[in-house]
Amino acid sequence: MAVPGWKEAEGRVGKRTRAVAEKGSPSPNSMLRVLLAAQASAAQLSGLLLLPPIQPFCLGPSKWGDRPPGGGPHAGPAQGLQRLLEQARSPGELVRWLGQNPTKVRAHHYPVALRRLGQLLGSRPRPPPVEQTSLQDLSQLIIRNCPSFDIHTIHVCLHLAVLLGFPSDAPLVCALERERRFRLPLKPPPPLQPVLRGGQRLEAALSCPHFLRHPQQHLIRSLAEARPEELTPHVMVRLAQHLARHRLREPQLLEAIAHFLVVQEAQLSSKVVQKLVLPFGRLNYFPLEQQFMPCLERILAREAGAAPLATVNILMSLCQLRCLPSRALQFVFSPGFISHISVPLPVGTPHAPIVRRYLSLLDTAVELELPGYQGPRLPRRQKVPIFPQPLITDRARCKYSHKDIVAEGLRQLLGEEKYRQDLTVPPGYCTDFLLCVSSSGAVLPVRTQDPFLPYPPRSCPQGQAASQPTTQDPAQRVVLMLQERWHFCRDSRVLLGSRALRERHLGLLGYQLLPLPFEELESQRGLHQLKSYLRQKLQALGLRWGPEGG
């Protein structure tokens with residue numbers, strides 16, 4: 001007897017089942033096709049994203065605790081039965097192991113059997129008649145025992161059954177769906193939701209709380225292949241925010257955002273543009289789209305006065321990319337713009353200090369990186385420290401940072417009087433560790449030296465860049481820069497835009513930088529190895545300390 005609907009589904013079982021067996025999840029393109037093609041409501045799309053993916057079942061503890069999904073603690077016979085199911089050579093053998101060992105079967109064994117079934121069927125285009133009977137028997141076993149499953153096991157079995165090609169009206173799918181609904185808490189019937197189409201489906205999916213909290217790179221990457229007419233400004237803003245929040249440097253998607261920005265220029269306000277441009281600066285990525293900068297310059301010229309904060313945010317992203325348009329700088333440094341932001345944004349509002357801090361940073365970038373700029377500058381009375389304390393991400397992840405152990409290593413290696421930690425240097429950059437070094441390479445006590453280099457650099461008058469800063473002070477300042485894992489784009493060696501900007505500006509100010517990458521710090525086992533590592537790093541710069549160093 002054949003599984004109901006098997007002939008309709010057998011064409012889908014071959015390649016797709018083999019892919020499921022090998023990878024454990026649908027391909028990105030198939031997930032995108034589901035989002036774009038299905039007649040779905042927002043609630044159904046959220047349910048699709050929240051459906052738990054297939055996880056390989058293991059014998060030890062998992063994220064569900066020491067209890068295996070759907071059953072009690074593993075006993076010896078249950079472990080043995082799981083191994084037999086995982087090594088079964090045919091669907092008939094799966095049914096035999098489950099049917100002959102009723103006292104050893106636990107709920108979590110059935111997802112194992114379905115997963116092994118997918119692996120077995122993946123290598124056969126059509127199961128022989130005897131195995132079709134075995135498939136029916138396995139379905140009946142699951143139908144008979146699914147009332148004892150917990151909700152997680154039901155979800156996994158339902159997911160596997162659908163991926164195996166069982167149609168929605170198959171008895172197995174109907175029984176599992178019935179049990180799933182039975183376990184849901186009673187709720188009043190929800191109001192009818194409109195059918196979503198095109199970009200609305202993408203927007204609803206991207207608005208799902210689960211999607212916003214957890215980066216799903218495979219789905220994000222596939223969204224770049226969507227047709228332009230299916231994308232709306234709100235969809236693109238969601239994607240841009242997701243990339244920036246999770247440090248996902250996806251060139252294909254970033255190029256899609258840049259192209260969308262150019263094509264939709266006339267319809268976009270600066271408040272939307274600031275959100276679309278955000279990931280480019282944060283992820284330190286300049287797009288290949290040739291009209292990207294001319295488009296932004298036209299938008300800034302058109303709307304700079306209407307949205308001051310959005311204008312400054314756009315310029316901040318461009319500052320991280322080292323692409324500051326002179327015309328826009330002249331506008332934001334003009335007396336009219338400065339007075340405009342001072343009136344509607346008093347000091348007590350949260351936007352006022354942000355705008356002043358960003359304008360101070362833009363003025364610093366002009367000082368250090370734009371030698372040919374001849375326009376107005378930020379008045380001295382309007383300047384504030386740029387980053388007077390460690391950045392928010394560093395404070396939030398301080399317990400994962402290497403700063404404390406590096407500080408202890410420097411204390412034991414040099415002594416407390418020969419370094420400063422978390423010192424803010426003009427014009428407002430916070431340094432991790434700063435050393436003062438004589439012309440002969442001796443590390444000097446910080447209290448006997450001025451730890452700050454002059455700003456603006458003495459090598460250039462006000463308004464000129466310090467591409468080659470010099471100073472009459474014979475003492476050098478060495479800054480040890482921690483490069484933690486979260487200072488880089490995810491799965492990349494590219495520094496985030498804010499980190500790259502800080503290192504670039506400190507170098508232009510005349511500080512000698514000594515990076516300490518997280519890979520090297522994580523490879524040190526204990527304080528003794530870390531001290532040896534720091535000693536090698538400092539000696540490589542020609543530094544000396546202790547009795548022989550002065």
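Residues take numbers from 1 onward in each chain, read along the sequence in its written order. Only residues with pLDDT of 70 or above have their local features reported here, since the model is predicted, and side-chain atom pairs are shown and tallied only from 80 upward, although totals for entire chains, interfaces and linings are computed over all residues. The basis for every side-chain value is the complete set of non-hydrogen atoms in the structure, without hydrogens or water.

### Let's talk about the pattern of salt bridges
By definition, a salt bridge exists where a carboxyl oxygen of Asp or Glu is found within 4 Å of a side-chain nitrogen of Lys or Arg. Here the structure, examined in full by the defined rule, presents 17 salt bridges. In this structure, D363 engages R377 in a salt bridge whose closest nitrogen and oxygen atoms are separated by 2.7 Å. In this pair, D363 sits in helix α20 (residues 351–369) while R377 sits in the loop between α20 and α21 (392–396), placing the two residues 14 residues apart along the sequence. Working definition: with a 1.4 Å probe on protein chains only, accessible area under 20% of the residue-type maximum means buried, over 50% means exposed, and in between means partly exposed. Residue classification places D363 among the buried positions, given a relative accessible area of 1%. By relative accessible area, R377 is classed as buried at 16%. The residue R485 makes a salt bridge to E522 at a minimum N-O spacing of 2.8 Å. Of the two residues, R485 is situated in the loop between β6 (476–483) and α23 (497–509) and E522 in helix α24 (residues 518–522); the sequence distance between them amounts to 37 residues. Put simply, D363, E367, R377 and K383 are held in one network by salt bridges that share partners. Under the scheme used here, helices are H or I runs from DSSP no shorter than 4 residues and strands are E runs no shorter than 2 residues, and both carry numbers assigned from the N terminus.

### Details of the nonpolar core
Nonpolar cores are built from buried Ala, Val, Leu, Ile, Met, Phe, Trp, Tyr and Cys residues. Side-chain atoms within 4.5 Å join them into one set. Grouped together as the largest cluster of nonpolar side chains are 69 residues, with contacts concentrated most on L261, F333 and L359. Setting aside its immediate chain neighbours within four residues, F333 contacts I338, L359, L362, D363, V366, Y373, P376, R377 and L378. If you look at the next biggest cluster of nonpolar residues, it comprises 34 residues, including L138, V156, C157 and L160. The contact criterion used is simple: two residues touch if any of their non-hydrogen atoms lie within 4.5 Å.

### Re the packing of aromatic side chains
By convention, a stacked pair of Phe, Tyr or Trp rings (six-membered ring in the case of Trp) has centres within 6.5 Å and planes under 30 degrees apart, an edge-to-face pair has planes over 60 apart, and any other such pair is tilted. Counted according to the given criterion, the structure contains six aromatic pairs. For the pair Y110 and F149, a centre-to-centre distance of 5.3 Å together with 40° between the ring planes defines the contact as tilted. Linking Y110 in helix α6 (residues 109–121) with F149 in the loop between α7 (129–145) and α8 (151–163), this pair joins segments that are 39 residues apart in sequence. In this structure F149 comes out as buried when scored by relative accessible area, which is 2%. In this structure an aromatic cluster arises from ring pairing among F280, F286 and F292. Across the ring face of F488, the terminal group of R493 is positioned such that the distance to the ring centre comes to 4.2 Å. A positively charged side chain is recorded as over a ring if its NZ (Lys) or CZ (Arg) lies within 6 Å of the ring centre. The angle to the ring normal must also be within 35 degrees.

### Side note on the confidence of the model for the chain
Detailed conclusions should not be drawn from predicted coordinates in areas where pLDDT is low. What pLDDT expresses is the predictor's confidence in each residue, scored from 0 to 100. For the chain, per-residue confidence averages 78 on the pLDDT scale, and residues scoring 70 or more make up 69% of the total. For the chain, helix α1 (residues 6–23) is the element with the lowest average pLDDT, namely 40, and strand β7 (residues 512–517) is the one with the highest, namely 97. Across residues 1–75 the pLDDT falls below 50, and counting only partners more than four positions away or on other chains, this stretch makes 139 contacts in the model. In this model residues 460–471 is a low-confidence stretch, pLDDT under 50, and it forms 35 contacts with partners more than four residues away in sequence or in other chains.

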